[in-house]
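# Descriptive structure summary
For reference, the chains in residue letters:
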Amino acid sequence: MISLGGLFNKYERKARLYPGLITLAPILVLAAAFWREQLTWIWPIAASLGGLFFLAHYVRGRGQTVEQRLVRRWDGMPTTRLLRWRTATNSVTRQRRRTKLEAIQQRTLPDQLTEQQDPKIADEHYVDATRALIVRLRSDEKRFGQVLDENIGYGFRRNLYALKPVALTLLAFALIADASIMGLRGFRGEVATVAVIHLLLTLAWLSIVRASWVRQAGETYAERLFEALDDL
């Protein structure tokens, strides 16, 4: 039996590998229902040949690409928006967080006039400060475990959303396969169970995995990240 915990760290396993396996679920369900014996030896071979590592890195790449599009649509990462003068929803909280961040990192963030004059450069300062904070919190995972958990939640949703076109394509082929098998065996037993699972998966991808779902996780993570400033 392959231990995923021994191959991947917590973030890689939950935010990268799990979305990939969920995406492959239509094929895995078919294999489990009709080709169980083959699956028992294909799984360890795929792991030993680096198939799971390839899947995790593929998911990571797609997630990063889609994130760039989402950030343009959102007008900045949620963390950046919380530090800006023009987009933070609570001015008191924004100023408190900026003051703490400046004190901890011994740097000066762009003032309101500077941000107005050159928003792009200001955003680069906010992104750099945020990344430095993330690195510092990551070094004390035990103390700031909740921040890591929220980051994993965001990464999981982002990567699932990035894989949505692939998942729906695989589900379309799986449903065609279901129809073909039902034509040969009839709508009963394992055939019916597999078809229902595929239909439920399709409904879940269409109704749940959306850009707004990703943004919600991103905003929650941003809040938890900056709340950690109070403990530094």
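This structure is a prediction, so every number in the text was calculated from the model and none was measured.

### What to know about unusual backbone geometry
Despite not being glycine, Asp75 has its phi angle at roughly 65°, a positive value. With respect to the helices, strands and loops of the structure, Asp75 is situated in the loop between helix H5 (51-74) and helix H6 (78-83). We note that Gln106 has phi near 55°; this positive angle belongs to a residue other than glycine.

### Some thoughts on the pattern of salt bridges
The full count for this structure, using the stated rule, is 13 salt bridges. A salt bridge links Glu115 to Arg86; the shortest N-O distance between them is 3.2 Å. Within this pair, whereas Glu115 is found in helix H8 (residues 112-117), its partner Arg86 is found in the loop between H6 and helix H7 (91-105), the two being separated by 29 residues in sequence. For Arg86, a relative accessible area of 42% gives the class partly exposed. By sharing partners, the salt bridges in this structure join Asp75, Arg81, Arg84 and Asp123 into a single network.

### Brief notes about the packing of helix H10 (residues 145-162) against helix H13 (residues 211-227)
Two quantities define a packed helix pair, namely the angle between the helix axes and the distance between the axes. Direction vectors running N to C along H10 and H13 enclose 160°, while the axes themselves pass 9 Å from each other. By the angle between their axes, H10 is roughly antiparallel relative to H13. Read as a crossing pair, H10 and H13 show a hand that is left-handed. Contacts between H10 and H13 involve Gln146, Val147, Glu150, Asn151, Gly153, Tyr154, Phe156, Arg157, Arg158, Leu160 and Tyr161 on the former and, on the latter, Ala211, Trp213, Val214, Gln216, Ala217, Gly218, Thr220, Tyr221, Arg224 and Leu225. In terms of residue class, the contact of H10 with H13 is made up of eleven nonpolar, six polar and four charged.

What counts and how
Residues numbered from 1 in each chain as written. Predicted model: local features only at pLDDT ≥ 70, side-chain atom pairs only at ≥ 80, totals over all residues. Heavy atoms only, no water. Helix = DSSP H or I, 4+ residues; strand = E, 2+ residues; numbered from the N terminus. Salt bridge = Lys/Arg side-chain N within 4 Å of Asp/Glu carboxyl O. Buried < 20%, exposed > 50% of the residue type's maximum accessible area, 1.4 Å probe, protein only. Axes fitted to C-alpha atoms, helices over the stretch in contact; angles between N-to-C directions. Parallel < 35°, antiparallel > 145°, perpendicular 65-115°, else oblique. Left-handed = near helix turned anticlockwise from the far one by under 90°. Contact = heavy atoms within 4.5 Å. Nonpolar A, V, L, I, M, F, W, Y, C, P; charged D, E, K, R; others polar.

Geometric descriptors of this kind do not, in isolation, establish any biological role.
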